[in-house]
Protein chains: 2
Amino acid sequence: MSENDVILTAPEPALDQPGKVYEAIREDIISGRLEPNARLKVADLAASYGTSTNPVREALQQLRGEGFVVMEANRGARVVAIDEAFVRDIIEIEVLIEPALTRWFVSIVTDADIAELEAAQAEIEALNFSDPQRHGQLDTRFHQLIYDRHYNRHAADLWWKHREILRAISRRFPTSLSRRVAVLSEHRELIACIRRQDAEGAAAIVARHVEGSGRHIIEQMGVAKRNGPRKRPA
Amino acid sequence: MSENDVILTAPEPALDQPGKVYEAIREDIISGRLEPNARLKVADLAASYGTSTNPVREALQQLRGEGFVVMEANRGARVVAIDEAFVRDIIEIEVLIEPALTRWFVSIVTDADIAELEAAQAEIEALNFSDPQRHGQLDTRFHQLIYDRHYNRHAADLWWKHREILRAISRRFPTSLSRRVAVLSEHRELIACIRRQDAEGAAAIVARHVEGSGRHIIEQMGVAKRNGPRKRPA
DNA sequence: ATGCCACAAATAATGTACGATCTGTTCGAA
DNA sequence: TTCGAACAGATCGTACATTATTTGTGGCAT
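Please read these numbers as outputs of a predicted model, since none were measured by experiment. (Residues numbered from 1 in each chain as written. Chains lettered and ligands numbered in written order. Predicted model: local features only at pLDDT ≥ 70, side-chain atom pairs only at ≥ 80, totals over all residues. Heavy atoms only, no water.)

**Here we look at helix α3 (residues 53-66) of chain A**
All names here are of chain A.
Here is step 1: Here α3 is 14 residues long and its end C-alpha atoms lie 20 Å apart, about the 20 Å a rise of 1.5 Å per residue gives.
Here is step 2: The buried fraction of α3 is high, at ten of 14 residues.
Here is step 3: Taken together, the buried positions of α3 are N54, V56, E58, A59, L60, Q61, Q62, L63, G65 and E66.
Here is step 4: Just beyond α3, the residue with positive phi is G67, at close to 90°. (Helix = DSSP H or I, 4+ residues; strand = E, 2+ residues; numbered from the N terminus. Expected span 1.5 Å × (residues − 1). Buried < 20%, exposed > 50% of the residue type's maximum accessible area, 1.4 Å probe, protein only.)

Here is the structure:
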């Protein structure tokens, strides 16, 4: 067995429906259970998920198409390496897309939408980062309220895909105090701009929000690297 | 055999290397040989490409991940429907991304780069749209000179993917005279801005360029639809 | 004794074949 | 005409064969 192989403790029992293997592998990748750059051997995965090799192979191909997995001919698949450059790249794209989506949202927003945003934000503030996992869900939902309504499915899907990746990375790192403060205040400012129909202001805040998020993640990745690589940060 | 099935004339002989089936199907999709919404039956495709079903299945999964194919469980795959909304969506994304890539290019451009751009543009003007296929290649190369150098591989890849789709669609339609004039003048303006290090000007022109391209394609799609759907427009 | 090349066995990806299961349709009876 | 069961067609899963790459071993020259 070589340096970094696939080790999944539980031979998760019987997920039969088509497409389930795909979701399982994908979830294992973005949740970090399958580490970046880990080799993905079809036989091992098939054993882990309790199926034969074909579903695994097809799942890997789909994941390759989505960019979660890189493959070399006759040399198999690996989990894509998610490094600082990777994060920077998708953040740069989001800095362009999210303000545009937000601007449009301002033009179609209703009172009910704003109420939902405020409810989501209230939950986030009530939780106050005590449960990082849960915070990630809530934060995603907050922004999803804004983006999911957009007519441009391509843009919204792109956002969602990037979001899942970033959320998976963030899960491994703590959120600095300054970042927590910034997140809360930026959310509040965003809601305020939306309410007063200030599209440009909202777009500017979102751009700042995304940039800040990216900067924070990259900083945390740097810290983790300097402290030496380890499986599970305390 | 139902309304729209896969009909490929030649049972193209023996493409053995791994990944070749994927490229063949992909090429058949973006070139329009496989029409939008056509059903993709693995057995038929396997016969067409002279392999067994498994390579085809995996190729389809990868194409699904890339968004060229949509699949329903137990109901197989279809070529994604490329309609006006589809084009509008990716154009909207490109209007955001391409100016950003261009802005950065202006900041790192060398004399040699500009010379290459001018050479490409000279070829385009010499050809003067007499061969649409070739024009598509040249135009792609022109913009590729600008985007391929960017450090953000995600953004550049996204551009490339969108570019291929748009090029495949454009191939089916003629280019209006007004569009031809606009393309040439915008290219020239772009080079001028780049030379005088006017990043904002270049970005603005690119935005206009992309928007105009999208508008033109959508108009042509509308014309084709009103004239009744047909396989090969004269 | 050490380093390097050639060759052989193991490991894993890729391709082929077949059976099971699901979906849509058609034919027949109420 | 409508409901239902049998049939056909295609997808999805399993098992197996083939091919490529890697690894380990042994011999040979330095």
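**Regarding the domain arrangement of chain A**
Residue and element names in this part refer to chain A.
Here is step 1: Domain boundaries in chain A define domain 1 (20-79) and domain 2 (84-226).
Here is step 2: Put simply, the middle of domain 1 and the middle of domain 2, counted by C-alpha atoms, are 29 Å apart.
Here is step 3: In this assembly, seven residues from domain 1 lie in contact with six residues from domain 2.
Here is step 4: Counting each side, the surface lost to burial between domain 1 and domain 2 is near 630 Å², with a carbon and sulfur contribution of 49%.
Here is step 5: Contact with domain 2 buries area across many residues of domain 1, yet R26, I30 and F68 alone supply 53% of it, more than any other trio. (Domains from an automatic or database assignment. Contact = heavy atoms within 4.5 Å. Buried area = accessible area lost by both parts, 1.4 Å probe.)

**Focus: the pattern of salt bridges**
All names here are of chain A.
Here is step 1: Applying the stated criterion across every chain yields a total of 36 salt bridges over all chains.
Here is step 2: The salt bridge partner of R26 is E164, with a shortest N-O separation of 1.9 Å. With R26 in helix α1 (residues 20-30) and E164 in helix α7 (residues 153-170), the pair connects residues that are 138 residues apart, well separated along the chain.
Here is step 3: A salt bridge links R75 to E72, with the nearest nitrogen and oxygen atoms 3.1 Å apart.
Here is step 4: By relative accessible area, E72 is classed as partly exposed at 48%.
Here is step 5: When salt bridges with common partners are traced through the structure, they connect R179, E186, E189 and R208 into a single cluster. (Salt bridge = Lys/Arg side-chain N within 4 Å of Asp/Glu carboxyl O.)

**Quick word on the pairing of strand β3 (residues 76-79) of chain A**
All names here are of chain A.
Here is step 1: Side chains A77 and V79 project from β3 onto a buried face, and the interleaved G76 and R78 project onto a face without burial.
Here is step 2: Where strand β1 (residues 39-40) lies against β3, two bridges are found, and the strand directions are antiparallel. Within β3, the position partnered with L40 by the bridge is A77.
Here is step 3: Where strand β2 (residues 69-72) lies against β3, four bridges are found, and the strand directions are antiparallel. Each residue of the ladder has a partner; that of M71, found in β3, is A77.
Here is step 4: Linkage of β2 to β3, two consecutive antiparallel strands, is achieved through a turn of three residues, within which N74 is found at a positive phi near 60°. (Pairing = 2+ DSSP bridges.)

**With respect to the sheet that holds β2 of chain A**
Residues and elements named next belong to chain A.
Here is step 1: Pairing is antiparallel in the open sheet, where three strands are placed in the order β1-β3-β2. Edge positions in the open sheet fall to β1 and β2, since each of these has one partner strand only.
Here is step 2: Running at roughly 110° to β2, α3 makes contact with β1, β2 and β3 of the sheet. (Axes fitted to C-alpha atoms, helices over the stretch in contact; angles between N-to-C directions.)

**A few points about helix α4 (residues 84-108) of chain A**
Here is step 1: Over its 25 residues, α4 of chain A extends 36 Å from the first C-alpha to the last, a length consistent with the 36 Å expected when each residue adds 1.5 Å.
Here is step 2: Most pronounced at E94 of chain A, the bend in α4 of chain A amounts to some 30°. (Bend = angle between axes of the 7 residues up to and from the residue.)

**Concerning the sheet that holds strand β1 (residues 39-40) of chain B**
Here is step 1: Read across the open sheet, the three strands follow the order β1-β3-β2 (chain B); overall the sheet is antiparallel. Either end of the sheet is taken by a strand with one partner, and the two such strands are β1 and β2 (69-72) of chain B.

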